[in-house]
Amino acid sequence: MKKNRGSVNRRDFFKIGTGAAAAGLLGTGSAESSETPAAPTSRVVLIREKAVVGEDGMLDGEMLHSMLNRAMTSLFEVTSSGKAWKQVVSPKDVVGIKTNVWHNLRTPPELEEAIRSEVIKVGVKPEDVAVDDRGVLENPVFQRATTLINTRPLRTHNWSGLGTCIKNMIMFVPRPPEYHADSCAPLGAMWKLPELEGKVKLNILVMLTPQFHGVGPHSFSKEYIWPYRGLIVGVDPVAVDATGARILQAKRDLYFGEPRPISPPAHHIEIAGSRYGLGVSDPAAIDLVRLGWQDEALI
Amino acid sequence: MRSQRILTGALLVVLMGGCAPDEGDGMPVEYTPVLPDQVAGWDASGPGESYDAETIYAYIDGHAEVYLAYGMQRCVSRRYRPVDGDAEIVVDLFEMASPADAYGVFSHDRAGETVAVGQGGIFRHGWLSFWKGSWYGSVYATGGGEDARQDVLDVGAAVAGALEDGGDIPSLVTRMPSSVLDPASVCYLRSPQILNAHVFVGGDNLFGFGPEVEAVVGKYDLGGAAVHLVLVQYPDETAAEMVERRVREDVGAEGQRPSMVVGRNGVLLAAVIGDASNDDVEGLLEEALGGGI
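In this convention, every chain numbers its residues from 1, walking through the sequence in written order. Chain labels run from A onward and ligand labels from 1 onward, assigned in the order the entries are written. For this predicted model, a pLDDT threshold of at least 70 governs which residues receive local features, and a threshold of 80 or more governs which side-chain atom pairs are given and counted, while totals over whole chains, interfaces and linings are taken from all residues. The side-chain numbers reported here are obtained from all heavy atoms of the structure, hydrogens and water having been left aside.

Asks: Before we go on, may I ask you to explain the overall build of chain A in this structure?
Replies: Counting from the N terminus, the helices are the DSSP runs of H or I reaching at least four residues and the strands are the DSSP runs of E reaching at least two. Counting secondary structure elements, chain A contains eleven helices and nine strands. Each residue gets one of three labels from its accessible area relative to the maximum for its type: buried under 20%, exposed over 50%, partly exposed in between, using a 1.4 Å probe on protein chains only. Of all 299 residues assigned to chain A, the portion counted as buried reaches 58%. Across chain A, every contact between residues at least 6 apart in sequence was considered, and the portion connecting residues at least 24 apart equals 72%. Split by element, the accessible area of chain A, about 11,600 Å² in all, is 52% carbon and sulfur. When checking whether two residues touch, look at their non-hydrogen atoms; a contact exists if any pair is within 4.5 Å. Using a 1.4 Å probe, accessible areas were evaluated by the Shrake-Rupley method; residue-level cover was limited to the displayed protein chains.

Here it is as structure tokens:
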């Protein structure tokens, strides 16, 4: 029998390549961030309100709308939500709101409507705004869209580790399995498609009742969602997703009572930044603004 | 979404023998389990549906890859509701490439309570998984929770009871040294991505997985250190030798792998992934590879 001990240890693995991605997202910090902290380059707003999801699970749509506008005002560092939305859209834009309708945990229609109404308030014609998920390639508004707004709930995923804002654009691809290799590492490449490049102006990760673990073919159990009652809002999809991933990882560790890495590692987030230049995942490079309810924030 | 209705019947019956030659024309006859109109006091809320390797993406929306990684041939599915009440149970039967693959997909997620359904069953939080022959079964209470336990188990037992037996746990699984092994961690696989879900070894296909290559991964406690043992069996020694050489070169280079110790005996390659004492690691390798095959 032949044996061979490799010279690369786990610490080295985490410092580079995909290992670095996994470690950074899970909050252990990459070697780069621990040695030379980067100046924050991406602003991300985490807003939570305890009453937005009641004890009975009911959603307060008005409060959600208000949370969104407060997050927008803070994100763009302006004095009103109206000014903030004007940073995202202009009256001449054609706007596609890319949602997610996965039946177990969809983007709340109340949030879709809040986004739509704010876009129209800026002056975009109602006929130039559409909300869609699986039909984006055939949707005439999306086909001529000049601006896209991206929103979805965060959840674990069997193949990519996490269902993220980055991954939410998979419906713009005729054959999604082409992006499934290496735990969906190439997902960031989608954002370079003509339908998407430069058009996604806002990312809203829904953290109202995120899903931190999945089982079975339907990958859902009420046991594995919890009322976090938040939204993560940002321009940079990588920073938004990386922030959500840290929260989800913390929840997994808490629930299982031991480190339980997101599996497979959601390294498509870090790779979307390092390989495709979509943003930053290093917590040291993210200016995280916290608004509202602070209990059990996990980050 | 493309789907196709399957036959429905009043009783859970097996219409045909599993892939046995038909005496009339000598052609293989497809084995078709029928998900009945009623089962264990639950009524079907609609017709059954069937999905293939293409349409399955639409049905389980982003989670098909696990089943495809085990050679999924098709999935038959039906939803049930009680006579009164709004609870719902979803039954999915996946026909895999072989009994070994059905066991494999079952072993991919084994956290939960072991139950006597099919050739192996596990229940957790309103969901039962089991395997029997080439079939992997999922019985899922959409409302979740322990309240659904008995209903889910009754439906699962009825569905599994009508499936044909066939095939054993893959022999490679029984080669895993059993001392200090976490039995719930053992997973049989043929795919690098499934392996990465249990222990991340890199984004490429380091061990050269393919249809002719089978593997088992399990978690061990070596003197307080958690490590994974991956045991891979190749179709011939040349293939095993080639992969061994590649792993040695790759892991020996300054690269992107976790700490790993590899060994080979004939067509068997073993790797211990993680940090533990040399003696413990080499002892585990010896035990896994001892005697070859």
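The discussion continues.
Asks: I keep staring at the pattern of salt bridges and nothing clicks. Help me out?
Replies: A side chain with one charge may pair with a side chain of the opposite charge, provided their charged atoms come close. Any carboxyl oxygen of Asp or Glu that lies within 4 Å of a side-chain nitrogen of Lys or Arg is treated as forming a salt bridge with it. Within the structure shown, the criterion is met by 23 salt bridges over all chains. Measuring nitrogen to oxygen at the nearest pair gives 4.0 Å for the salt bridge that ties Arg116 of chain A to Glu113 of chain A. Linking Arg116 of chain A with Glu113 of chain A, this pair stays in helix α6 (residues 109-122), spanning three residues, or about one helical turn. Here Arg116 of chain A falls in the partly exposed class, since its relative accessible area comes to 26%. Accessibility expressed as a relative area gives 42% for Glu113 of chain A, which makes it partly exposed. Taking the shortest distance from any N to any O, the salt bridge between Asp109 of chain B and Arg124 of chain B comes out at 4.0 Å. Residue Asp109 of chain B is located in the loop between α3 (99-107) and β7 (113-115), and its partner Arg124 of chain B is located in strand β8 (residues 121-124); the two are separated by 15 residues in the primary sequence. Relative accessible area serves as the criterion here: at 5%, Arg124 of chain B is assigned to the buried category. When salt bridges that share partners are traced, they join Glu237, Glu244, Arg248 and Arg264 of chain B into one network.

Asks: Looking at this structure, how should I read the packing of helix α4 (residues 61-75) of chain A against α6 of chain A?
Replies: When two helices pack together, their arrangement is given by the angle between their axes and by how far apart the axes lie. All names here are of chain A. Closest axis-to-axis distance for the α4/α6 pair is 9 Å, and the angle between their directions is 50 degrees. In terms of axis orientation, α4 runs oblique to α6. By crossing handedness, the relation of α4 to α6 is classed as right-handed. Facing Gly61, Leu64, His65, Leu68 and Asn69 of α4, the residues of α6 in contact are Glu110, Leu111, Ala114, Ile115, Ser117 and Glu118. Amino acid classes used here: Ala, Val, Leu, Ile, Met, Phe, Trp, Tyr, Cys and Pro are nonpolar; Asp, Glu, Lys and Arg are charged; the rest, including Gly, are polar. Classifying every residue of the contact of α4 with α6 gives five nonpolar, four polar and two charged. Between N-to-C directions, angles cover 0 to 180 degrees, with each direction set by a line fitted to C-alpha atoms, over the stretch in contact for helices. To sort the angles, those under 35 degrees are grouped as roughly parallel, those over 145 as roughly antiparallel, those from 65 to 115 as roughly perpendicular, and the leftovers as oblique. Helix crossings fall into two classes, left-handed where the near helix is turned counterclockwise from the far one by less than a right angle and right-handed where it is turned clockwise.

Asks: Just to check I follow, could you spell out the domain arrangement of chain B for this structure?
Replies: Think of interface size as the accessible area that goes away when the parts come together; that is how it is often given. All names here are of chain B. Segmentation of the chain into domains, including their bounds, is taken from an automatic or database domain assignment. Per the domain assignment, the segments of chain B are domain 1 (2-162) and domain 2 (173-288). Counting from both sides, the interface comprises eleven residues of domain 1 and, opposite them, twelve residues of domain 2. Of the roughly 860 Å² buried where domain 1 meets domain 2, counting both sides, 55% is carbon and sulfur surface. Taking the shortest distance from any N to any O, the salt bridge between Asp101 and Arg190 comes out at 2.8 Å. In the analysis that follows, any N or O atom pair within 3.5 Å is treated as a polar contact, provided that within protein one partner can donate a hydrogen and the other can accept it, and provided that, for residues neighboring in sequence, both atoms belong to side chains. Where domain 1 touches domain 2, the interface holds six residue pairs in polar contact (both at pLDDT 80 or more). Per-element accounting of the side of domain 1 that touches domain 2 gives the leading share, five residues, to α3. Here the residues of the side of domain 1 that touches domain 2 are counted per class, giving five nonpolar, four polar and two charged. As a working definition, buried area equals the accessible area (1.4 Å probe) given up by two parts on being put together, with both sides summed.

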